[in-house]
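The lines below spell out each chain.
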Amino acid sequence: MIAYLAQRLALMLATLFAIITLTFFLMHAVPGGPFVSDKMMAPEIAAAINAKFHLDEPLWQQYLAYLGGVFTFDLGPSFKYPGMSVNQMIASGLPTTAKVGLLALLSVIALGVPLGVVAALNRNRWPDTAVMAIATIGVAIPSYVIATLALYVFAMRLKLVPTFGIDDWRGYFLPVFALSGFWLSYVARLTRSSLIETMLTDYMTTARAKGLRPGQILFKHGLRNSLIPLVTVIGPVAANLLTGSFVIEQIFALPGIGRHFVLAITNRDYTAIMGITIFYAVVLMVMILLVDLAYLALDPRIKFGARHP
Amino acid sequence: MTALLDVDGLTTSFFTRRGEVKSVRGVSFRVAAGETLGIVGESGSGKSVTCMSILRLLKTGGKVVSGRALFEGRDLLALDEDEMSDLRGNAIGMIFQDPMTSLNPTLTVGEQVIETIIRHRPVSRAAARQRAIELFDMVRIPSPEARLRAYPHEFSGGMRQRVMIAIALACEPKLLIADEPTTALDVTIQRQILVLLKELQAKLGMAIILITHDLGIIVEFTDRMLVMYGGQVMEEGLVTAVFRQPAHPYTRGLIAAIPNIADDNGQRLRPIPGSPPDMHDPPPGCPFAPRCPEAMLQCRVPAPMIQAAIGQSSRCWRLHPDAPRPVEQDGRP
Ligand SMILES: Nc1ncnc2c1ncn2[C@@H]1O[C@H](COP(=O)(O)OP(=O)(O)OP(=O)(O)O)[C@@H](O)[C@H]1O
Ligand SMILES: [Mg+2]
């Protein structure tokens, strides 16, 4: 177990290193820079600024300096917000993004799985048809359309919830709904098909032939096995939701990390772009590790170090 | 003698998108307490569907259209789902063909035995566990206590089938249905499993329905046999009687397909020329008639079961007192 974790950790560090290197050089390969804008700047001021942020040094030197920072958990100062570090930027956006993301993740699991189960158990009858119709729409319509529509109907017309911000608990409804819509539908569909497939297996026939009660057959034998494929997608989904969708944050004017990211890209805020990318990568890798650990708990056939087929 | 199981006119169809598949068409047979009934027949002849109909475990689309299945006088086909599930795994045990897939991969084998005991007996978990150890010992799984905690993938095919047997026998059933319990196993393991089943039968006194493709297994391990074809019983009788003088041309074909019965070592059936009927639209009379070397015009009319000898009857017009003989090809009655 310890050896396995150590091995995974080493792999994660190597991946992170590759991501940093790739992002760093790609970003610098694109023409332009953080302090190039249409406003004319006196050359000596530009030089001073470049010197301040070490942009006048050779690229490899900047790279090494940055790398050193990252591995001491210092993502450097923001190029665009004077006096603010990228660490602070992420820290200021994280609570909002994490709260909304966690609620979205919760609703994906707490609603998506039961809906899929109901659909599977009522295969080809009206509850199935209804759930699948809604889920198909949920997968097909982009989240920003859902968000805009929901905003119009529930906030502007019906005035049930505020139009922006999350100062009020009711403010969470629409962003969470819009953020989770796609994955909720996806998980409902996946749960349904996985459970239907599981129900056809021989060991489910055995469970029935043993005279077990319907509840035992469904939960102990059916659901546990059909959750295994679900675990695969939950990791990336969780990372996706927890790091926030910048579109949703934009529409609902939420002060999350996603908004910082968008601004950082338009501003060519090198350190902010790098920092947030690294942060996303770490969250994703941690989620994937958690998924693999969940596999181990759910499926005894999987040994440490071997991934599920 | 009242039979333990009395199946009468069982008719089961699958209603699929491509129409009705008439899998079982009026099957009748009896099983006495403690006896072993073998069911043989080519693939698709309706052996499994017959058993699954009796246990009411048909896959979606499958429906018993008519018939009765009296078990100790109660019609299984008329029980409600609760009463039926009280019997399954309790008075009636079942073993399936593929031990690789019929155990749940995510639960320990011990748990899969224990939950069956707890479902049907008012015992504590500890007592059920103790019983599971006894059962593992009974089916000769070495170091039962430790093996209880293992998962199915840690067992070989033969060992898994022993676990399945332990589950099926957990509540000392009066009837054990074994649907090709050894087909998926190595020949040497096959024998061990069947010998074990016979031993346990002698010990526990249960009746067994043993489905197989293998006439060698029928000869060695069963008392009476049922030959199925096209969803119907073609011949029924004591194994000794049927092998001494098979009454149905299909049975003769099956027996002739075995090179040497005497030194049988588990050969599978070699198919008779021709192919089995399409069960969407089976022939109106005898389903075997299109492949039968002795078919006559009368064979287009459904035949009744006709007694051929003591304890042996067959669904063949050739046994009818008015049937022409010697055999003419396509002769008129
Ligand atoms: N789920 C199903 N849907 C449709 N038809 C089915 C289904 N299960 C069985 N059948 C049909 O019922 C008929 C009898 O099948 P059954 O499984 O009883 O055969 P069998 O005698 O057990 O054969 P085998 O020796 O291959 O196990 C076959 O024609 C088969 O195609
Ligand atoms: Mg079968």
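Here we summarise the structure given alongside this text. Note that the structure is a prediction, hence the values are computed from the model and not measured.

Some remarks on the overall build of chain A
A count of helical and extended segments in chain A gives twelve helices and zero strands. Reading the secondary structure of chain A in the N-to-C direction produces α-α-α-α-α-α-α-α-α-α-α-α. Seen through its principal axes, chain A has C-alpha atoms that stretch 85 × 55 × 30 Å. When each of the 309 residues of chain A is scored for burial, the buried share is 45%. Counting only contacts in chain A whose residues sit at least 6 apart along the sequence, the fraction spanning at least 24 positions is 73%. Looking at chain A as shown, the accessible area adds up to about 16000 Å², and 73% of this sits on carbon and sulfur atoms.

Remarks on the site of ligand 1
Residues and elements named next belong to chain B. Near ligand 1 you find 15 residues, and of these Ser23, Ser43, Lys47, Ser48 and His213 are the closest. The contact in question runs from an oxygen atom of ligand 1 to an N or O atom on the side chain of Ser43, over 2.4 Å. In the environment of ligand 1, an oxygen atom lies 2.8 Å from a nitrogen or oxygen atom belonging to the backbone of Gly44. Surface burial for ligand 1 is 69%, taken as the share of its 630 Å² of free accessible area covered by protein chains. Elements represented by at least two residues in the shell around ligand 1 include exactly strand 1 (5–16) and helix 1 (47–55). Sort the elements by how many residues they give to the shell around ligand 1 and helix 1 lands first, with three residues.

Side note on the pairing of strand 1 of chain B
Residues in a regular strand point their side chains to alternate faces of the sheet. Residue and element names in this part refer to chain B. Bridge analysis of strand 1 against strand 4 (residues 62–71) gives eight bridges, and the strand direction is antiparallel. Looking across to strand 4, one finds that Asp8 is bridged to Arg68. Where strand 1 and strand 2 (residues 19–31) come together, ten bridges link them in antiparallel fashion. By the bridge assignment, Phe15 is partnered in strand 2 with Glu20. What sits between the antiparallel neighbours strand 1 and strand 2 is a turn of two residues.

Here's the deal with helix 5 (residues 126–140) of chain A
An α-helix turns once every 3.6 residues. As a result, residues three or four positions apart point the same way. All names here are of chain A. For helix 5, spanning 15 residues, the distance from its first C-alpha to its last is 21 Å, which sits close to the expected 21 Å at 1.5 Å a residue. All of the buried residues along helix 5 are Pro127, Asp128, Val131, Met132, Ala135 and Gly138. Buried positions in helix 5, seen along its axis, are confined to an arc of 120 degrees and lie on one side of it. Of the exposed residues in helix 5, the ones pointing more than 90 degrees away from its buried face are Trp126, Ile134 and Ala140.

Some points on the sheet that holds strand 11 (residues 306–309) of chain B
Residues and elements named next belong to chain B. An order of 6-7-8-3-9-10-12-11 is seen for the eight strands of this open sheet, with the pairing classed as mixed. Two strands close off the open sheet at either side, each with one partner strand: strand 6 (92–95) and strand 11. The mean inter-strand angle of the sheet, taken between neighbouring strand axes irrespective of direction, is 20 degrees. One ladder, built from five bridges, connects strand 7 (residues 175–179) with strand 8 (residues 207–211); its direction is parallel. Within strand 8, the residue paired with Leu175 across the bridge is Ala207. Sitting on the sheet, helix 1 touches strand 3 (36–40), strand 6, strand 7, strand 8 and strand 9 (224–229), and the angle it makes with strand 8 is about 145 degrees. Seen against the sheet, helix 7 (residues 187–204) touches strand 3, strand 6, strand 7 and strand 8 and runs at an angle of roughly 160 degrees to strand 8.

A look at the interface of chain A and chain B
The interface is formed by 22 residues belonging to chain A together with 27 residues belonging to chain B. Counting each side, the surface lost to burial between chain A and chain B is near 2200 Å², with a carbon and sulfur contribution of 55%. Of all residues in chain A, the largest losses of buried area upon contact with chain B belong to Ala209, Lys210 and Pro300 of chain A, amounting jointly to 25% of the total for that side. At the boundary of chain A and chain B, one finds three salt bridges.

Describing the side chain of Ser180 of chain A
Residue and element names in this part refer to chain A. Along the polypeptide, Ser180 turns up in helix 7 (residues 173–199). At a separation of 2.7 Å, a polar atom in the side chain of Ser180 contacts the main-chain carbonyl oxygen of Val176. Once you skip the residues sitting within four places of it in the chain, Ser180 turns out to touch Ala104, Ser107 and Val108.

Some points on the pattern of salt bridges
A complete count under the given rule lists 21 salt bridges over all chains for this structure. Three or more residues are tied together by salt bridges with common partners; here these are Lys210 and Lys220 of chain A together with Glu111, Glu115 and Arg125 of chain B.

Criteria and cut-off values
Residues numbered from 1 in each chain as written. Chains lettered and ligands numbered in written order. Predicted model: local features only at pLDDT ≥ 70, side-chain atom pairs only at ≥ 80, totals over all residues. Heavy atoms only, no water. Helix = DSSP H or I, 4+ residues; strand = E, 2+ residues; numbered from the N terminus. Buried < 20%, exposed > 50% of the residue type's maximum accessible area, 1.4 Å probe, protein only. Contact = heavy atoms within 4.5 Å. Areas by Shrake-Rupley, 256 points an atom, 1.4 Å probe, with all protein chains shown as cover. Near = heavy atom within 4 Å. Polar contact = N/O pair within 3.5 Å; in protein donor to acceptor, adjacent residues only side chain to side chain. Pairing = 2+ DSSP bridges. Expected span 1.5 Å × (residues − 1). Arc of directions from axis to C-beta. Axes fitted to C-alpha atoms, helices over the stretch in contact; angles between N-to-C directions. Buried area = accessible area lost by both parts, 1.4 Å probe. Salt bridge = Lys/Arg side-chain N within 4 Å of Asp/Glu carboxyl O.

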